[in-house]
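# Breakdown of the fold
Each chain, letter by letter, is given below.
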Amino acid sequence: MSDTPNTAEIDMSVPLLEVRDLAVSFSNPSAPDSPRVQAVAGVNMTVYPSQTLAVVGESGCGRSVTAMSTMQLVPQPPGRFDRGQAMFMGRDVLRFDEREIRALRGNDIAMIFQEPMTSLNPVYTIGDQIMEAILLHQDVTQEEAVEIAIGSMRDVGIPQPEQRIKAYPHQFSGGMRQRVMIAMALACQPKLLLADEPTTALDVTIQAQILELLRELQRTRKMGIMLITHNLGVVAENADVVCVMYAGRVVEYANIFELFDNPLHPYTRGLFRSIPKLRENMKRLVTVEQIVDNPAEYVKLDGFEKGIVPWWPDPPESVKPSLPDPDDEYMLHEISKDHWVGVYKSDHVATHPSRVPDLDYRRSDF
């Protein structure tokens, strides 16, 4: 590995990132008088040093918008930060001016984007694109930047980096382009890495290599990772804490073992039930809709009779409790110690607020 930052200075008990009640909406340019689209509606999550937070959910649930908000990459307009905070090491990045956010991007917080072929510029060499952030954020000469870029390429397993630094994106395979994206993100040794589907469209062998690479870099640098993925197998192998999202809201939040052993929200249970299992013969898989449309799935939470009911945008009619404010129907509630579920904001829930998600947990089996 190349030189790593002074990890002794990192306080492992203090969060790197705290997202609190974040709400982001978008206007519709084709219908300017129509209501704004609420992409993120009150998200809460936390990432600690050396911790991997997996953010799970289907396309359009707000995962990528949440991640991009922490670097102010949401275009404004049509996007808008309606409320909330994204605290990075104690400072709200949503309040940063252009100079401050440019100093943060690629330096303290870096992002691996979902599709490397569209994220890499086809007319610039790999070396030029890796060195751009190095020259912007570090006080180094051109020659020193080249050496740092070569070291970053070597760190991510790109062979013959001295020669391949002069190559163009089309000369790399999909897996190697993904490694280039990781090298770009890690060149300035960030404290927090946002990995948006980092193994999309890669075969399982390359996927395993990429994820092992991220784990190794995390171990040596005490880097926090927000891992955005659809793949629950990837989550099981790599995550410390899991945040399940739907329709711009967090529906469940717990450590990896608690969530897999005891999923409490019907949507989470639906995700698990829809995965085919070895040695289980079924004519048809159970769908998420079958679970969330079943009233019996909503009565399983402790306190259902008091009004603690899992929130869902279109629930079965018989389960929705009476709400003191129909326009404010959602709350993330700590059902049991260190296990949160998105529930309806009934009278009981509103008068018994719980702490926001904050899990300083790291698995010990790596």
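Residues numbered from 1 in each chain as written. Predicted model: local features only at pLDDT ≥ 70, side-chain atom pairs only at ≥ 80, totals over all residues. Heavy atoms only, no water.

## Remarks on the pairing of strand 1 (residues 17-26)
Where burial is concerned, most of strand 1 is hidden: 8 out of the 10 residues are buried. As defined by bridge partners, strand 1 adjoins strand 4 (residues 79-88) across 8 bridges and the pair is classed as antiparallel. Following the sheet pairing, Glu-18 is matched in strand 4 by Met-87. (Buried < 20%, exposed > 50% of the residue type's maximum accessible area, 1.4 Å probe, protein only. Helix = DSSP H or I, 4+ residues; strand = E, 2+ residues; numbered from the N terminus. Pairing = 2+ DSSP bridges.)

## A short note on the nonpolar core
Ranked by internal contacts, the top residues of the largest apolar core, which has 65 residues, are Met-45, Tyr-253 and Tyr-267. The next biggest cluster of nonpolar side chains, apart from the first, holds 35 residues, and it includes Phe-172, Leu-214, Leu-217 and Met-223. (Core = buried A, V, L, I, M, F, W, Y, C linked by side-chain atoms within 4.5 Å.)

## A look at the environment of Gln-160
Tracing the backbone shows Gln-160 in the loop between helix 5 (142-155) and helix 6 (161-164). Relative accessible area serves as the criterion here: at 54%, Gln-160 is assigned to the exposed category. Each C-alpha atom, one on Gln-160 and one on Ile-150, is 9.1 Å from the other, the two residues being 10 residues apart in sequence.

## What to know about helix 7 (residues 174-186)
When the terminal C-alpha atoms of helix 7 are compared, their 19 Å separation across 13 residues agrees well with the 18 Å that a helix rising 1.5 Å per residue should span. Burial analysis of helix 7 places 11 of its 13 residues in the buried class, the great majority of the element. Of the residues making up helix 7, those classed as buried are Gly-175, Met-176, Arg-177, Gln-178, Arg-179, Val-180, Met-181, Ile-182, Ala-183, Ala-185 and Leu-186. (Expected span 1.5 Å × (residues − 1).)

## Observations concerning the pairing of strand 8 (residues 224-229)
Judged by how many residues are buried, strand 8 sits mostly within the fold: 6 of 6 residues are covered. Burial of the side chains of strand 8 extends over both faces: Gly-224, Met-226 and Ile-228 are buried on one face and Ile-225, Leu-227 and Thr-229 on the other. Pairing between strand 3 (residues 52-56) and strand 8: 5 bridges, direction parallel. Paired with Val-56 across the strands is Thr-229, a residue of strand 8. Pairing of strand 7 (residues 192-196) with strand 8, which is carried by 5 bridges, proceeds in the parallel orientation. Bridge pairing in strand 8 links Leu-192 to Gly-224.

## Let's talk about the sheet that holds strand 2 (residues 37-47)
With respect to topology, 4 strands assemble into an open sheet ordered 2-1-4-5, the strand pairing being antiparallel. Strands at the two margins of the open sheet, each flanked by one partner only, are strand 2 and strand 5 (91-92).

## Description of the packing of helix 4 (residues 126-137) against helix 5
Running from N to C, helix 4 and helix 5 point in directions that differ by 115 degrees, and their axes come no closer than 9 Å. For the element pair helix 4 / helix 5, the angle class is roughly perpendicular. Of the two elements, helix 4 crosses helix 5, and the hand of that crossing is right-handed. Here Ile-126, Ile-130, Met-131, Ile-134 and Leu-135 of helix 4 come into contact with helix 5, specifically with Gln-142, Ala-145, Val-146, Ile-148, Ala-149 and Met-153. Its residues assigned to classes, the contact of helix 4 with helix 5 shows 10 nonpolar, 1 polar and no charged. (Axes fitted to C-alpha atoms, helices over the stretch in contact; angles between N-to-C directions. Parallel < 35°, antiparallel > 145°, perpendicular 65-115°, else oblique. Left-handed = near helix turned anticlockwise from the far one by under 90°. Contact = heavy atoms within 4.5 Å. Nonpolar A, V, L, I, M, F, W, Y, C, P; charged D, E, K, R; others polar.)

## Some words on a negative patch on the surface
Taken together, the side chains of Glu-58, Glu-289, Asp-293, Asp-314 and Glu-317 make up a negatively charged region of the molecular surface. Inspection of the secondary structure assignment puts Glu-289 in helix 12 (residues 288-292). (Patch = residues over 30% accessible without salt bridge, like charges linked within 9 Å, V, L, I, M, F, W, Y side chains within 5 Å. Areas by Shrake-Rupley, 256 points an atom, 1.4 Å probe, with all protein chains shown as cover. Salt bridge = Lys/Arg side-chain N within 4 Å of Asp/Glu carboxyl O. Lys, Arg positive; Asp, Glu negative; His and termini not counted. Charge placed at Lys NZ, Arg CZ, Asp CG, Glu CD.)

## A few points about the pattern of salt bridges
In the structure shown here, the tally under the stated rule is 19 salt bridges. Ionic pairing is found between Glu-197 and Arg-63, a salt bridge with its closest N-O pair at 3.6 Å. Taken together, the positions of Glu-197 in the loop between strand 7 and helix 8 (204-221) and Arg-63 in helix 1 (residues 63-69) put the pair 134 residues apart, joining distant regions of the chain. The same class applies to Glu-197 as to Arg-63, namely buried. Where salt bridges share partners, they join Glu-212, Arg-215, Glu-216 and Arg-219 into one cluster.

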